[in-house]
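Now for the letters of each chain:
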Amino acid sequence: MNYFEFYGIPESFNVDQAALKKEFYKLSKLYHPDFYANEGDEKQQEILELSTLNNKAYLALNDPAKRLEYILQLHDLVSEGAKPQLPADFLMEMMDINERLMEVENAGELASITSETLAIEGDINEELATLTDGYEQLDDTAKESRLVDIANVYYKQKYLLRIRESLSTFAARL
């Protein structure tokens, strides 16, 4: 079941949080298992499944990062263990940061690398915001193209997350 369809809201990277929460609470009341305690086993199981679906849908759509990943999964653009083709210049930049990180000798060097990484992350987040803005107004062909670009940014974010984890590890050592 498509979570957007379940809530009756349009697929969007920037959902109306108030409408989402309102629909979640409405369905939470409607599908609360306690209201069906006197029903048969089959009906109780159906309600339990709908209640679970409601909770999973809300968790996925309420969090911007999970919503991004969910939309990309809906369109088969991300999957577990995928090996995306990231731009060579991005990979070279990440390799340079990784090499410098392995050679860090003091807190000043680490701070410099951290600052550079945060700047890259800011640029990536800005690019993502630009790509997701107005997505719901695009026609289907334009959406497909935009989704590919968004998936590329998503994979850059994932790669950068590993760098940030390494930064945390090295910070703990210094």
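Residues numbered from 1 in each chain as written. Predicted model: local features only at pLDDT ≥ 70, side-chain atom pairs only at ≥ 80, totals over all residues. Heavy atoms only, no water.

When charged atoms on two side chains of opposite charge get close, those side chains can pair. In this structure the tally under the stated criterion is 5 salt bridges. A salt bridge links K26 to E23; the shortest N-O distance between them is 3.2 Å. Note that K26 and E23 are positioned in helix α2 (residues 17-30) at a spacing of 3 residues, about one turn of the helix. The salt bridge partner of R100 is D96, with a shortest N-O separation of 3.0 Å. On the criterion of helical spacing, the pair formed by R100 and D96 is a turn pair, its members being 4 residues apart in helix α5 (residues 88-102). (Salt bridge = Lys/Arg side-chain N within 4 Å of Asp/Glu carboxyl O. Helix = DSSP H or I, 4+ residues; strand = E, 2+ residues; numbered from the N terminus.)

When the terminal C-alpha atoms of α5 are compared, their 21 Å separation across 15 residues agrees well with the 21 Å that a helix rising 1.5 Å per residue should span. Among the residues of α5, F90, M94, I97 and L101 are the ones counted as buried. Taken around the axis of α5, the buried residues stretch over an arc of 60°, which confines them to a single face. Away from its buried face, by an angle of more than 90 degrees, α5 presents the exposed residues A88, D89, M92 and M102. Those residues of α5 hidden inside the fold are in contact with α6 (107-132) and α7 (140-173). (Expected span 1.5 Å × (residues − 1). Buried < 20%, exposed > 50% of the residue type's maximum accessible area, 1.4 Å probe, protein only. Arc of directions from axis to C-beta. Contact = heavy atoms within 4.5 Å.)

A separate point is α7. For α7, which comprises 34 residues, the first-to-last C-alpha distance of 50 Å matches the rise-based estimate of 50 Å (1.5 Å per residue) to within 8%. Listed as buried for α7 are K143, L147, I150, A151, V153, Y154, Y155, K156, L160, I163, L167 and F170. For α7, the elements touching its buried residues are α4 (64-74), α5 and α6. The N-cap of α7, judged by a side-chain oxygen 3.1 Å from the amide nitrogen of T141 a few residues on, is D139. (Polar contact = N/O pair within 3.5 Å; in protein donor to acceptor, adjacent residues only side chain to side chain.)

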